[in-house]
Amino acid sequence: MKKLLWIKDSEEFWQTFTKEREKDRARLRALPFAKKIDIVAKMQEEFRPLRRKSRGRRKPIGTADKRG
Amino acid sequence: MIETLKALNRIKRMGLVKDYAIAGGYAVNYYLEPRFTYDLDLFIVLSYEEDFHQLYKFFRDAGNKIENVYIWIEGTPVQFFPTYISPLFAEAVEKARRIRVRGVTAKVLSVEYLVATLLLAFRSKDRAVIPDLLGLSNQNLIRDIVKRFSDEKTPLDQRLGRVLADLH
């Protein structure tokens, strides 16, 4: 991603950005499920204090948006 | 989460549930890059409909925290969806993939059934991941599932059509 810092051309910037992002997504996608679970657990740890402040009710499954 | 799966395998051995499969956000994470999910959604096969009450009673008696629709099992909020509420869920568990996570066996919805269940829920977060999952799936199989489980109230075929139209 470092090379993004040196690109001045907008089109080249977004092309490189998209390419790098897709590379990163592919790397994460290929992780073993156990490793993905660890990553999600870390996200949940960060989220829990926020959730304690605002507790909303979850929509039941099958409750589609208005477009049906 | 691994401890949660171990606990679920214990209740399966006890006969409280006949079978189960991971659905929802964790199933999406199995196939795609990890993204935040709050709870563990599970489709569960029960011998009798009344067993759903027994399951809640079992966890309540065992001292598990029950909050809103969630039962906290080994630190994870779990939401159970009994398969008797939907023939799609029942078939999804039957056809689920067997996996092993850190030595613990479990089942996760196949990508095709996962897409079908996301088309059923069809919230914005579900719609956001369907295109990536479609890229990993057998689209003929999805079309077959969607065709069989579409009805007026949940037009899965129309929803799939809309997602595919947005891709082009």
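Only a predicted model underlies this, so the values are computations on that prediction, with no experimental measurement involved.

Definitions and limits used
Residues numbered from 1 in each chain as written. Chains lettered and ligands numbered in written order. Predicted model: local features only at pLDDT ≥ 70, side-chain atom pairs only at ≥ 80, totals over all residues. Heavy atoms only, no water. Phe/Tyr/Trp six-rings, centres within 6.5 Å; stacked < 30°, edge-to-face > 60°. Helix = DSSP H or I, 4+ residues; strand = E, 2+ residues; numbered from the N terminus. Core = buried A, V, L, I, M, F, W, Y, C linked by side-chain atoms within 4.5 Å. Buried < 20%, exposed > 50% of the residue type's maximum accessible area, 1.4 Å probe, protein only. Contact = heavy atoms within 4.5 Å. Buried area = accessible area lost by both parts, 1.4 Å probe. Salt bridge = Lys/Arg side-chain N within 4 Å of Asp/Glu carboxyl O. Polar contact = N/O pair within 3.5 Å; in protein donor to acceptor, adjacent residues only side chain to side chain. Nonpolar A, V, L, I, M, F, W, Y, C, P; charged D, E, K, R; others polar. pLDDT = per-residue confidence, 0-100.

**Some points on the packing of aromatic side chains**
- Under the defined criterion, the tally for this structure stands at 14 aromatic pairs over all chains.
- Ring geometry for Phe33 of chain A and Tyr30 of chain B: centres 5.2 Å apart, planes at 80°, overall edge-to-face. Of the two residues, Phe33 of chain A sits in helix α2 (residues 33–53) while Tyr30 of chain B sits in helix α2 (residues 24–31), which places them in two different chains.
- Ring geometry for Tyr30 of chain B and Tyr31 of chain B: centres 4.9 Å apart, planes at 85°, overall edge-to-face.
- A network of ring pairs unites the aromatic residues Phe13, Trp14 and Phe17 of chain A as a single cluster.

**What to know about the nonpolar core**
All names here are of chain B.
- Counting 68 residues, the largest nonpolar core has Ile22, Phe80 and Leu133 as the members making the most contacts within it.
- Counting residues per element, this core draws most heavily on helix α5 (residues 111–121), which supplies eight residues.
- In this structure, Phe80 is in contact with Leu8, Leu42, Ile44, Phe52, Leu55, Phe59, Ile71 and Ile73, ignoring residues within four places of it in sequence.

**Quick notes on the side chain of Glu91 of chain B**
- Within the secondary structure layout, Glu91 of chain B lies in helix α4 (residues 87–94).
- Those residues in contact with Glu91 of chain B, other than ones at most four positions away along the chain, are Tyr113, Arg148 and Phe149 of chain B.

**Some thoughts on the side chain of Thr76 of chain B**
- Of note, Thr76 of chain B is situated in strand β5 (residues 76–82).
- Discounting residues that sit within four places of it in the chain, Thr76 of chain B has contacts with Met1, Thr4, Leu40 and Ile71 of chain B.

**Focus: the interface of chain A and chain B**
- Counting residues at the interface gives 27 residues for chain A and 38 residues for chain B.
- Summed over both sides, the interface of chain A with chain B buries roughly 3,100 Å², with 54% coming from carbon and sulfur.
- For the interface between chain A and chain B, the tally reads five salt bridges.
- Here Arg29 of chain A makes a salt bridge to Glu33 of chain B, at a shortest N to O gap of 3.1 Å.
- Linking chain A to chain B there are 11 residue pairs in polar contact (both at pLDDT 80 or more).
- Where the side of chain A that touches chain B is concerned, the elements lending two or more residues are α1 (10–29) and α2 of chain A.
- Looking at the side of chain A that touches chain B element by element, the count peaks at 13 residues for α2 of chain A.
- For the side of chain A that touches chain B, the per-class residue count stands at 10 nonpolar, five polar and 12 charged.

**Here's the deal with the confidence of the model for chain B**
- Confidence along chain B averages 93 in pLDDT terms, with 100% of residues attaining 70 or more.
- If you check the scores for this complex, the pTM reads 0.86 and the ipTM reads 0.88.

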